[in-house]
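For reference, the chains in residue letters:
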Amino acid sequence: MEELAETDLSYEALVHDLNNVFETITEAAELLKSDRRWKPLSATLCRSVNRGKRLVGAFPDSTPNLAAIVEDAIQSVTDYCTAGRKPRMRFVRQIPPEVRLPGSTKDWERVFVNLFLNAAQIMHKPGRIDIVAERGQEDLSITISDNGPGIPAEILSRVFRPNVSTKANGSKRSGLGLHIVASIVKKYSGRVVAANREKANGAVFTISLPVT
Ligand SMILES: Nc1ncnc2c1ncn2[C@@H]1O[C@H](COP(=O)(O)OP(=O)(O)OP(=O)(O)O)[C@@H](O)[C@H]1O
Ligand SMILES: [Mg+2]
């Protein structure tokens, strides 16, 4: 065998191989599109591929607009619920249209997808997720609350640490979603706090970001 001068197991090489996976799914979605019954599923597959491509940085990043990112995240989680035949969530947003976030759209989409997914995964019936953004003098506050069972008391204080999870899925690695959320918020000098709602059932996550 020829001796390799250099090896390449870089992130770019991984993205190269992932693109082949995306291509296969896109081709399959194209086939499904021609049948009226499968057209919506085909669109779901295409949106998921695009999300995967955004995650690996295949598209140029746009200036992050909070309302637009939240819409994309809602679509991703709605697709997840539809494809997995899980109860649908109702999303209620109070977001001023002009609010911008620091940094990269793809980072913030990960934050909202993880928060919405957690709420959707923990509820076994249709639920409601509220997203409220308020701009103060010094910071922007975004709260995401749901009407699920709330965060179990025994993990509430360490919920942002890696591998803290109540998911019972054996050897599959869980407990990373909120760690990703906290890491991205920290990257932009913000903070995120987890709590349970006081007057009703459910969890509430509050993100505060300095206004620049
Ligand atoms: N909205 C919520 N309501 C109730 N509990 C929650 C909510 N969000 C998170 N939790 C609790 O926090 C735990 C940790 O969440 P996290 O997203 O970090 O991991 P996970 O969802 O268990 O696994 P992963 O995100 O890696 O698939 C969850 O297992 C769940 O017990
Ligand atoms: Mg999670």
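Not measured: the values here are computed from a predicted model.

What counts, and at which threshold
The residue numbering used here restarts from 1 in each chain and proceeds along that chain's sequence as written. To read the labels, note that chains go from A and ligands from 1, taken in the order they are written. In view of the model being predicted, local features appear only for residues whose pLDDT reaches at least 70, and side-chain atom pairs are presented and counted only at 80 or more, with totals across whole chains, interfaces and linings using the full set of residues. Numbering of helices and strands runs from the N terminus; a helix is a DSSP stretch of H or I covering at least four residues, while a strand is a stretch of E covering at least two. Here, residues touch in the contact sense if the C-beta positions derived from the backbone fall within 7 Å of one another. Using a C-beta atom placed from the backbone for every residue, we mark a residue as near a molecule or strand if that atom lies within 6 Å of it. Think of it as three bins: nonpolar holds Ala, Val, Leu, Ile, Met, Phe, Trp, Tyr, Cys and Pro, charged holds Asp, Glu, Lys and Arg, and polar takes everything else, Gly as well. Once C-beta atoms are placed from the backbone, each residue is buried if 20 or more other C-beta atoms lie within 10 Å of its own, exposed if 12 or fewer, and partly exposed for counts between those two. What marks off one domain from the next here is an automatic or database domain assignment. The span expected for a helix works out to 1.5 Å for each residue beyond the first. Core membership is restricted to buried Ala, Val, Leu, Ile, Met, Phe, Trp, Tyr and Cys residues, and these are joined into a nonpolar core through C-beta atoms within 7 Å. Any two strands with at least two DSSP-identified bridges between them are counted as paired. Helix axes are fitted to C-alpha atoms over the stretch in contact, other axes to C-alpha atoms as well, and angles between N-to-C directions run from 0 to 180 degrees. Crossing chirality is assigned from the near helix's rotation relative to the far helix, an anticlockwise turn below a right angle marking it left-handed and a clockwise turn marking it right-handed.

S.K.: Break down the overall build of the protein for me, citing the residues and quoting the values.
M.R.: Each helix and strand in the protein was counted, giving five helices and five strands. Going residue by residue from the N terminus, the α and β elements of the protein occur as α-α-α-β-α-β-β-α-β-β. For the protein, the spread of C-alpha atoms along the principal axes amounts to about 65 × 45 × 40 Å. In the protein, the share of contacts with a sequence separation of at least 24, taken over all contacts with a separation of at least 6, comes to 66%.

S.K.: Can you explain the site of ligand 1? Please cite residues and give values.
M.R.: Taken together, 23 residues lie around ligand 1, and N118, S165, T166, G177 and L178 are the ones closest in. Listed by contribution, the elements that provide at least two residues to the shell around ligand 1 are α4 (105–122) and α5 (177–187). In terms of residue count, the dominant contributor to the shell around ligand 1 is α4 (four residues). Class assignment for the residues of the shell around ligand 1 results in eleven nonpolar, ten polar and two charged.

S.K.: Let's hear about the environment of Q121: which residues, and what values?
M.R.: Secondary-structure assignment places Q121 in helix α4. According to the C-beta neighbour criterion, Q121 is partly exposed, with 16 such atoms within 10 Å. Taking the C-alpha atoms as reference, Q121 lies 9.9 Å from V77; in sequence the two are 44 residues apart.

S.K.: I'd like a rundown of the domain arrangement of the protein, residues and numbers included.
M.R.: Segmenting the protein into domains produces domain 1 (7–59) and domain 2 (64–210). Relative placement of domain 1 and domain 2: their C-alpha centres are 25 Å apart. In this assembly, seven residues from domain 1 lie in contact with seven residues from domain 2.

S.K.: Give a detailed account of helix α3 (residues 66–83), specifying residues and quantitative values.
M.R.: With 18 residues, α3 extends 26 Å from end C-alpha to end C-alpha; this agrees with the ideal 26 Å at 1.5 Å per step. Residues of α3 that are buried make contact with α2 (39–55), β1 (89–94), α4 and β2 (127–135). With its phi angle positive at about 50°, R85 sits one or two positions after the end of α3.

S.K.: Now, about the nonpolar core: what can you tell me, with residues and values included?
M.R.: Where a protein is soluble and globular, its nonpolar side chains tend to be buried together. With 33 residues, the main nonpolar core has F112, L115, F116 and V181 as its most contacted residues. Counting residues per element, the ones that place at least two in this core are α3, α4, β2, β3 (139–146), α5 and β5 (203–210). Discounting chain neighbours no more than four positions away, the residues touching L115 are I144, V181 and F205.

S.K.: Describe the sheet that holds β5, listing the residues and the values that go with them.
M.R.: Strand order in the open sheet made by the five strands is β1-β2-β3-β5-β4, with mixed pairing throughout. The sheet terminates laterally at β1 and β4 (191–196), the two strands that pair on one side only. Direction aside, neighbouring strands of the sheet carry axes that sit 15° apart on average. In this structure, β1 lies alongside β2, joined through six bridges in parallel fashion. Bridge pairing in β2 places R93 opposite I131. Packing against the sheet, α4 makes contact with β1, β2, β3 and β5, and its axis sits at approximately 155° to β2.

S.K.: Tell me about the packing of α4 against α5, and please be specific about residues and values.
M.R.: Put simply, α4 and α5 touch, their axes get as near as 9 Å, and they point 145° apart. Crossing handedness for the pair α4 and α5: left-handed. Facing D107, R110, V111, N114, L115, L117 and N118 of α4, the residues of α5 in contact are G177, L178, I180, V181, I184 and V185. Across the contact of α4 with α5, the residue classes break down as eight nonpolar, three polar and two charged.

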